[in-house]
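Per-entry structural report
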Amino acid sequence: MAVAEQTTSEPKPDAAAEHGPEPGSLLDWLTTVDHKKLGLLYIFLSLFFLVVGGIEALLMRWQLMWPDYDFVTRDRFNALFTMHGTTMVFFVGMPILIGLGNYFVPLMIGARDMAFPRLNAFGLWATLFGGFLVYFSFATGGAPALGWFAYAPLTEKTFSRGPATDLWALGLIVSGAGTIAGGVNFIATILGMRAPGMTLFKVPFFVWTMLWTSFLILVAIPPLTAGLIMILLDRNLGAHFFDAQNGGSAIMWQHMFWFFGHPEVYILILPVFGMVSEIIPVFSRKVLFGYEFMAAATMGIAFVSLGVWAHHMFTVGMTRTQDLFFVASTLIISIPTGIKFFNWLATMYGGRLRFESPMLFCFGFLSMFLIGGLTGIMLAAAPFTFQLSDTYFVVAHFHWVLIGGTLFGTFAGIYYWYPKMTGRMLDERLAKWQFWLLYIGFMLTFGPMHISGMLGMARRIYTYEADRGWMFWNQLTTVGALIQAPSFAIFIWNVIVSWRKGKPAGDNPWDAWTLEWATASPPPSYNFEEVPVVHSRRPLWDLKHPDDPDWKYEHE
Amino acid sequence: MSGVILMRSMLLLAVGESARQNVSIFDPASPQAESIRNLGILVLAITGGIFLVVEGILFYTMFRFRRGAPPGPLVPNPDPKVPPPVTVEPAGTSPEPPQVYGSKPIEIAWTAAPTLVVLILLLVITRTLWEIAPDRPEPHEGDNALFVTVIGRQWWWEYRYDHYNGRPLGFTTANELHIPVGRDGKDYPVYLTLQSADVCHSFWVPRLAGKTDLIPGRTNHMTFHTATAGLYVGQCAEYCGTQHAKMLLRVNAQPSEEFESWLRHEEQPATDVETVREDKHVFLKQSCVNCHLVRGTEKDTPARRREYAPDLTHLMSRKTLASGIIVNDVKTLRDWVRDPQNIKAGCLMPAFGLSDRELDSVVRYLLTLR
């Protein structure tokens, strides 16, 4: 427990054991403030909710297999899509990225822990109990049936009578506090605890993206929290913030929500950009092409993403000038994203590519995220969105970004870092099965959704008319979901089995270049015996190539 | 990997299938929807082009530079400042490829190219935005324009007919919108005023126009016109609660004479049919009239014109019930009146526990509301 405060370079490996619970015991895991254990707990939490959210998705897909089908109907279906969205965004996407960040940011910058270890533990438990609060609503007679963006005034007591909506809002407030705690911690850690010699422009790219993700967390989550508190005031203390019949404003909620909601998308993708920017160079055996431009593009995305929120609201009847503003800002954000993509391609170009599992998932990320980005450009065309908004095309688009982008990238990260976290390799054969089932199942699920959307199918409908011609596309989608399902099972199985029986990894199985690979796998609780001194962005490259080190070529 | 191209060809196949309700956004029946379609195709073409180029480079790179690929000619060095290949071979590893740290000219080039595409897109989007902007002229005689206020309700549509060709109308109907179609190059524009009585809804008939939301406390507008008669369907496109999926839209576009005769008929109060006098009495005694209005009956007072439920004055002129989800005939009407929750669970009309005789009477009376 005292490890975090330790500042000398003299390691005291047994300090924790002497004073705290026995390492590895349940009590140790429950009371830990070690960033690595907390990181793992974040990841376990996300995987648990990933399974829950996945089952919710499968139930919905089965209901939509046939028109006018009667499997899960009406409010149960409406609750399913609300919980699926809420779960995947707040309790899978964010925690898994924060968890990986928690584990690796201190290791990558040569620190012994996060800046505020106890705050770190608070963040984890707030996220977990926030999730439980939201799920307690099932015990009150039904989960909230609002949609994950919960448009007012559906959230008013008039339209949602039971306590489910209150639990939903409370849960998100609590987990939001945990997320903010995480953001503060990353910023303090990255700004204040870098190894000697590691200037802010020499941090590994993943660390850089975590810094900007944390900035977005600090700017975006508070408006959501404020809005959720207003919902609770409306519902329980007779306020009228969103109650149009009493002078409130329904549209204000939309602005508040999306002012959070769009930066949120980048909270979910920037760390992934960071991970692939670590993995692609290592598996191409080349330095990241154009680090400075990549770094600037990340900043650009973080800032511009604060000014695009109303592209979720093109159909609310804004003036044409307002529409145009948000069209322009949305299109502009595609430029830094494009820069990143080209730099990844340039990094691979001329390299010597190895296609072990991390790179395989990076390939999945690159080939799929591109499509999600391009449908994003289509949706930036406001008039086109007058047609496509709230259809399955939009559902396809953001799943293509969140699965094709975030999920494939996160799997790449997990396959890349699992050896460091456990000291063992994940099984490559299972990884290939997982990858191809996911890749094919994913395309089959969400590809046809573009078409059902263009054929006029609105989202969030628990059933559809037989005469609309949507059945075929929905059936393809459902079959795709059924193909995806086993890929997740294989992944979980791989994680469990390899933990004990995987091939021993050694310190640096991928021959990578950043500091986390300079310590043991798994790292001891104090991370590094000696705080390393850094001269470039690839300290281990310098170590290996003393005659031709990186710092000769890097310029800031 | 199928991508946009395959998607588009499949789309054409799907649209080609017949004998079903067409709700494709690529089959517009109004200049507004057509304008969006044209923009959509342009944007699809541009993004499709980017897709092919970038995905092509990705696959080429993946294949060409995989480990174990036959050694080809060395990659041309894009930047003379770049160091030569590293020759030191650490124990146990193969030599590393040349390390290229970046190149300012290249970065500038691939920043400029997307910027240009963005600029072009911005220009065409702006044009379309203003092309389809809803306008709001004052109704005047000779404009052939129809003004309707659409009120979204959980889970049906109320239509208040305001003006036609400059003439004030002032009757209300539900769920089936009737509009005139243009003829001989003359447009019959439709101006919708969109409001909501409860939560957010969205009016979306894909072949006529893009969607616009109906938001409580706010008034939105929509403009379109069509030259093709027929039935256009759609549905509420903003999640609005339990029966959001069953809040369907039907727009009947009719030749102007047909439309005008429908209009004249709808304006009339309900006709009194001698044979159902007794049944009418039974109907008016029930609580139906607390929410539903039948114009011309003794319950038709200004205080009752607040309409919480569909206006029934000309119920039988409508082809469907419950916001387009079932055909309106004797049997379904009777089932609906007996217990709406069997048909559209969660809807705001409860079952009133009418006796069979009362039920028969109510239905007999409703059947005369032509």
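Quick caveat, the model's predicted, so the values are computed rather than measured. (Residues numbered from 1 in each chain as written. Chains lettered and ligands numbered in written order. Predicted model: local features only at pLDDT ≥ 70, side-chain atom pairs only at ≥ 80, totals over all residues. Heavy atoms only, no water.)

Some words on the interface of chain A and chain B
Contacts between the two partners involve 107 residues from chain A and, on the opposite side, 100 residues from chain B. A combined buried area of about 9,100 Å² lies between chain A and chain B, and 70% of that area is made up of carbon and sulfur atoms. Scanning the region where chain A abuts chain B turns up three salt bridges. Scanning the region where chain A abuts chain B turns up 28 residue pairs in polar contact (both at pLDDT 80 or more). Listing elements by their share of the side of chain A that touches chain B, those giving two or more residues are helix H4 (74-108), helix H8 (250-284), helix H9 (291-304), helix H10 (320-348), helix H11 (357-380), helix H12 (382-388), helix H14 (428-454) and helix H16 (539-544) of chain A. Residues belonging to the side of chain A that touches chain B are distributed by class as follows: 61 nonpolar, 25 polar and 21 charged. (Contact = heavy atoms within 4.5 Å. Buried area = accessible area lost by both parts, 1.4 Å probe. Salt bridge = Lys/Arg side-chain N within 4 Å of Asp/Glu carboxyl O. Polar contact = N/O pair within 3.5 Å; in protein donor to acceptor, adjacent residues only side chain to side chain. Helix = DSSP H or I, 4+ residues; strand = E, 2+ residues; numbered from the N terminus. Nonpolar A, V, L, I, M, F, W, Y, C, P; charged D, E, K, R; others polar.)

Digging into the packing of aromatic side chains
All names here are of chain A. In this structure the tally under the stated criterion is 83 aromatic pairs over all chains. Both rings, one in tyrosine 69 and one in phenylalanine 71, keep their centres 6.4 Å apart while their planes meet at 15 degrees; by these two values the pair is stacked. Judged by its relative accessible area of 28%, tyrosine 69 falls in the partly exposed class. Over the aromatic face of tryptophan 541 sits the side chain of arginine 538, whose NZ or CZ is 4.2 Å from the ring centroid. (Phe/Tyr/Trp six-rings, centres within 6.5 Å; stacked < 30°, edge-to-face > 60°. Buried < 20%, exposed > 50% of the residue type's maximum accessible area, 1.4 Å probe, protein only. Lys NZ or Arg CZ within 6 Å of the ring centre and 35° of its normal.)

A short note on the side chain of arginine 318 of chain B
Residues and elements named next belong to chain B. You can see arginine 318 is positioned in the loop between helix H6 (288-291) and strand S11 (320-321). The charged side chain of arginine 318 is buried without a salt bridge, its nearest counter-charge being glutamate 266 at 5.5 Å. Within polar-contact distance, the side chain of arginine 318 engages the backbone oxygen of alanine 174 at 3.5 Å. Contact partners of arginine 318, with chain neighbours within four places excluded, come to Thr173, Ala174, Glu176, Pro310, Asp311, Leu312 and Asn328. (Lys, Arg positive; Asp, Glu negative; His and termini not counted.)

Examining the environment of histidine 201 of chain B
Residues and elements named next belong to chain B. Residue placement: histidine 201 occurs in strand S6 (residues 201-203). For histidine 201, the contacting residues outside a window of four places in its chain are Gly152, Arg153, Gln154, Trp157, Ser196, Asp213, Leu214, Cys236, Glu238, Cys240 and Met247. A polar side-chain atom of histidine 201 sits 2.8 Å from a polar atom in the side chain of aspartate 198.

Observations regarding the sheet that holds strand S8 (residues 220-224) of chain B
Residues and elements named next belong to chain B. Here five strands make up an open sheet; going across it, the order is S3-S2-S1-S5-S8 and the pairing mixed. Two strands in the sheet have a free side with no partner beyond their single neighbour: strand S3 (167-174) and S8. Across the sheet, the axes of successive neighbouring strands diverge by a mean angle of 20 degrees, strand direction being ignored. The sheet contact formed by strand S1 (residues 146-153) and strand S2 (residues 156-164) spans eight bridges and is antiparallel. When the bridges of S2 are listed, valine 150 appears paired with tyrosine 159. (Pairing = 2+ DSSP bridges. Axes fitted to C-alpha atoms, helices over the stretch in contact; angles between N-to-C directions.)

Concerning the confidence of the model for chain B
Low pLDDT marks stretches whose predicted atomic positions should not be read closely. Residues and elements named next belong to chain B. Per-residue confidence for chain B averages 88 on the pLDDT scale, and 88% of its residues sit at or above 70. This model gives residues 1-18 a pLDDT under 50, and the stretch forms 29 contacts once residues within four places in sequence are excluded. The low-confidence segment residues 72-77 (pLDDT under 50) makes six contacts with residues lying over four places distant or belonging to another chain. This prediction of the complex comes with two scores: 0.92 for pTM and 0.91 for ipTM. (pLDDT = per-residue confidence, 0-100.)

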